[in-house]
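# Working through the structure, step by step
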Amino acid sequence: MVFVSLVFVAAVAFAVALVAVDLIGRLPRREPIVPPAADGPFAFPRGFLWGTATADHQIERAQADDWTVFERRAKAEGKQDRIRKGQMRPGHIGDVVATPAEWFEKKTDFDTHFDDDLALAAAHGHNAFRLSISWARLFPRAGMTTPDSDGVAFYERVFASLAKHGLQPSVTLFHFASPQWLWDGTDAQGRRGLESDDAVAHFAHFTRTVVDLFGAQTRHWCTLNEPMVWAVLGYLEGVFPPFQRRGLPAQINAVVAQLLRMHAAAYHAIKRGRPDAEVGIAHHVRHFVPWRNRSLLDRITAKGVDNGFIVDFLDAIETGVFRPALGGPAVEIEGLAGTQDYVGVNFYGRFYVRTSGPGKFEIVPHDPSEPGEEESDVGWAIDETSLAPQLVRFAARYKKPLYILENGIADAADDDVSRQRFLVRHVQAVWQAIEQGADVRGFFYWSLVDNFEWIEGFAPRFGLVNVDYAHGMRRRPRPSLAVYADIAGKNAVDAALWARFRRPPPSSL
Ligand code: IFM
């Protein structure tokens with residue numbers, strides 16, 4: 001009998017050990033960056049969308065939104081910080097003192113330049129363009145039920161220009177900025193802004209208005225841009241409006257749930273008006289890598305961050321239930337289940353997750369000791385090799401078409417070589433994902449022209465086209481614009497382009 005019990009205990013222990021080994025084996029590991037060996041050409045499916053992406057607040061003249069209020073205050077109070085990702089203080093903007101107020105008011109002066117910008121895009125292979133509509137430009141004051149006529153007239157001109165240049169619009173409804181009047185005052189529970197009771201109804205009304213105005217001119221809709229970035233930077237790190245530092249990740253669950261409600265309401269508003277519309281979100285995707293493979297805590301936390309920052313939101317849209325991996329009760333959201341027709345991916349490389357104890361971790365944007373690692377001007381580690389696996393995993397998990405709604409690099413160097421490499425390598429990675437079965441239907445580089453990079457100000461240069469802010473916001477195409485035109489025009493990365501820009505194998509470093 002004792003012997004039988006011992007055998008039983010040993011068998012159970014063995015099974016538990018196997019399960020543990022299996023689970024540990026599935027945790028993320030930090031792997032070296034190994035480039036693909038293929039030589040090209042890499043051809044894309046017919047009808048593939050080639051575009052660039054942008055957002056109203058980053059290119060258009062200032063509107064009555066929360067960001068404009070923040071920028072004017074930071075400028076007036078001289079709240080300037082060193083431009084380092086993750087190290088900005090709340091209320092501060094990079095270079096705010098030295099930056100002329102006019103730049104903040106005009107941004108890239110898209111208001112004057114849009115037709116030339118769109119003509120340039122069309123002349124360089126674009127067949128699509130992602131833009132956002134400013135909520136505050138259509139509804140600048142509280143209590144308005146019909147949109148501002150100047151705002152409507154502006155976007156009518158922009159849509160006419162898009163049509164004239166043969167560019168399919170992809171329209172985003174919320175890209176970080178919202179009308180200031182939403183933030184003035186609190187509701188009965190003391191909540192402000194997008195968290196307040198009526199924010200979802202206001203967003204639905206704005207969405208219906210945009211659908212009525214421009215729904216005939218686009219099929220492709222994005223309700224929210226990077227909701228998790230907005231929630232984390234605004235309510236955990238406190239560097240985006242409304243500058244809150246709530247403490248633990250679980251303390252922003254209410255904000256995330258509200259964003260999911262806004263998404264669901266907008267999805268239904270769009271579908272009611274335009275049943276054939278394709279609707280999704282643009283999700284900020286990183287490859288979260290443990291800082292040290294030998295640290296089980298780094299690996300477990302990297303998995304938790306991936307769930308909390310990436311998977312939970314998309315899963316919630318599929319199932320209708322938000323189950324926060326980083327703590328807190330599940331929240332069921334009415335009307336949410338199944339409200340995405342595609343998965344929109346904004347891909348910006350790898351981030352490292354370094355723990356200093358259970359529940360204590362930091363996100364490290366790059367590691368200079370990683371062989372072959374390159375970083376952008378804002379210090380983000382570049383790793384195109386992790387893009388295809390991400391796309392393949394989304395394809396398998398959600399079984400939906402995918403769009404790269406953003407992918408880009410901050411690079412101010414005159415030779416523009418880093419951007420050209422970045423572009424060619426990432427587009428090739430998208431091709432790999434398609435080869436492996438992911439139904440990727442479009443790629444939007446971030447961005448056509450340099451623009452206002454939120455708390456980092458105007459220094460980071462993401463554009464295929466340089467903007468000379470000091471001289472009438474003049475546009476000067478960078479070499480990468482011609483590279484993009486080559487790819488889009490051929491609907492392929494040809495062997496010659498690949499040979500010029502492919503990543504050398506690690507042995508040659
Ligand atoms: O400029 C931003 C954009 O607004 C959202 N995605 C990332 C870009 C680069 O940081």
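Data block above holds the structure.
The shown structure was predicted, so the numbers you read here are calculated from the model rather than taken from an experiment. (Residues numbered from 1 in each chain as written. Predicted model: local features only at pLDDT ≥ 70, side-chain atom pairs only at ≥ 80, totals over all residues. Heavy atoms only, no water.)

The subject of this paragraph is the overall build of the protein chain. The helix and strand inventory of the protein chain stands at 15 helices and 19 strands. Over its C-alpha trace the protein chain gives a radius of gyration of 23 Å, about what one expects of a compact globule, namely 23 Å for 509 residues. Expressed along its principal axes, the backbone C-alpha trace of the protein chain runs to roughly 85 × 65 × 50 Å. The burial tally for the protein chain puts 57% of its 509 residues in the buried class. Of all intrachain contacts in the protein chain linking residues separated by at least 6 positions in sequence, the fraction that spans at least 24 positions is 73%. When the accessible surface of the protein chain is summed, it comes to about 20,500 Å², and 56% of that surface belongs to carbon and sulfur atoms. One way to put it: in the protein chain the 56 positive side-chain charges average out to a point 3 Å from where the 61 negative ones average out. (Helix = DSSP H or I, 4+ residues; strand = E, 2+ residues; numbered from the N terminus. Rg over C-alpha atoms; globule rule 2.2 N^0.38 Å. Buried < 20%, exposed > 50% of the residue type's maximum accessible area, 1.4 Å probe, protein only. Contact = heavy atoms within 4.5 Å. Areas by Shrake-Rupley, 256 points an atom, 1.4 Å probe, with all protein chains shown as cover. Lys, Arg positive; Asp, Glu negative; His and termini not counted. Charge placed at Lys NZ, Arg CZ, Asp CG, Glu CD.)

Bringing the pattern of salt bridges into the picture now. Applying the stated criterion to the full structure yields 35 salt bridges. Among the salt bridges present, the one from Arg61 reaches Asp111, with a minimum N-O distance of 3.5 Å. Linking Arg61 in the loop between α2 (56–59) and α3 (66–77) with Asp111 in helix α5 (residues 110–123), this pair joins segments that are 50 residues apart in sequence. On the accessibility criterion, Asp111 (16% relative accessible area) is buried. In this structure, Asp450 and Arg461 form a salt bridge, with 2.7 Å as the shortest nitrogen-oxygen distance. Here the residue Asp450 occupies a position in the loop between β16 (440–445) and β17 (465–468), and Arg461 occupies one in the loop between β16 and β17, the gap between them amounting to 11 residues. Given a relative accessible area of 17%, Arg461 falls into the buried group. Each of Arg30, Arg350, Asp367, Glu370 and Asp383 takes part in a single network of salt bridges with overlapping partners. (Salt bridge = Lys/Arg side-chain N within 4 Å of Asp/Glu carboxyl O.)

This part is about the layout of surface pockets. Empty space left among the atoms is revealed by rolling a probe the size of a water molecule over them. Looking at the second largest pocket, its volume works out to about 260 Å³. If you trace the second largest pocket, you find it lined by Arg26, Leu27, Pro28, His287, Phe288, Ala302, Lys303, Asp306, Ser386, Pro389, Gln390 and Arg393. At the level of elements, β8 (278–290), α11 (296–319) and α12 (387–398) are the ones that each hand at least two residues to the lining of the second largest pocket. Taken together, the residues that form the lining of the second largest pocket break down as 5 nonpolar, 3 polar and 4 charged. (1 Å grid on protein atoms, 1.4 Å probe; cavity = no way out; pocket = protein on both sides within 12 Å on 5 of 7 lines; lining within 4 Å. Points joined across faces, edges and corners; volume = space filled by probe spheres on them. Nonpolar A, V, L, I, M, F, W, Y, C, P; charged D, E, K, R; others polar.)

What the rule picks out here adds up to 4 cavities of 30 Å³ or more. Each pocket or cavity is described by its volume, and for the largest cavity that value is around 60 Å³. Every element with two or more residues in the lining of the largest cavity is listed here: β11 (343–357), β14 (381–382) and α13 (417–435). Its volume calculated, the second largest cavity comes out at about 40 Å³. As for the second largest cavity, its lining consists of Thr54, Ile59, Phe110, Asp117, Phe129, Ser447, Leu448 and Val449.

Further remarks concern the site of the ligand. Around the ligand, the surrounding shell consists of Gln58, His175, Phe176, Asn225, Glu226, Tyr348, Trp380, Glu406, Trp446, Glu453, Trp454 and Phe462. Gln58 is positioned with one of its side-chain polar atoms (N or O) 2.8 Å from an oxygen atom of the ligand. Glu226 is positioned such that a nitrogen or oxygen atom in its side chain is 2.8 Å from a nitrogen atom of the ligand. By residue class, the composition of the shell around the ligand is 6 nonpolar, 3 polar and 3 charged. (Near = heavy atom within 4 Å. Polar contact = N/O pair within 3.5 Å; in protein donor to acceptor, adjacent residues only side chain to side chain.)

The next thing to look at is α5. At 3.6 residues per turn, the α-helix brings residues three or four places apart onto the same side. Its axis deflected by about 30 degrees at Asp116, α5 carries its strongest bend there. Count one or two residues on from α5 and you reach Gly125, which has phi positive near 85 degrees. (Bend = angle between axes of the 7 residues up to and from the residue.)

Before going further, it helps to spend a moment on the nonpolar core. Counting residues in hydrophobic clusters, the biggest one holds 151 residues, and the most contacted among them are Trp230, Val430, Val440 and Phe443. Ignoring anything within four residues of it in the chain, the contact list for Val430 reads Phe44, Phe48, Leu387, Leu391, Ile404, Val440 and Phe443. Among the nonpolar cores identified, the runner-up in size contains 5 residues, and Val289, Tyr352, Val364 and Ala381 belong to it. (Core = buried A, V, L, I, M, F, W, Y, C linked by side-chain atoms within 4.5 Å.)

Before going further, it helps to examine the pairing of strand β12 (residues 360–364). Pairing between β11 and β12: 5 bridges, direction antiparallel. Paired with Arg354 across the strands is Glu362, a residue of β12. (Pairing = 2+ DSSP bridges.)

In the segment running from Pro241 into Pro242, the intervening peptide bond is cis, with an omega of 10 degrees. For Pro242, the position within the fold is in the loop between α9 (227–235) and α10 (253–273). Cis geometry is found at the peptide bond from Trp446 to Ser447, where omega equals 15 degrees. At Asp95, a position not held by glycine, the phi torsion is positive, near 60 degrees. Of note, Asp95 is situated in the loop between β4 (93–94) and α4 (101–106). Positioned with a positive phi, Asp109 is a non-glycine residue whose angle comes to about 55 degrees. Following the sequence through the fold, Asp109 ends up in the loop between α4 and α5.

Purely geometric stuff here, so don't read any function into it on its own.
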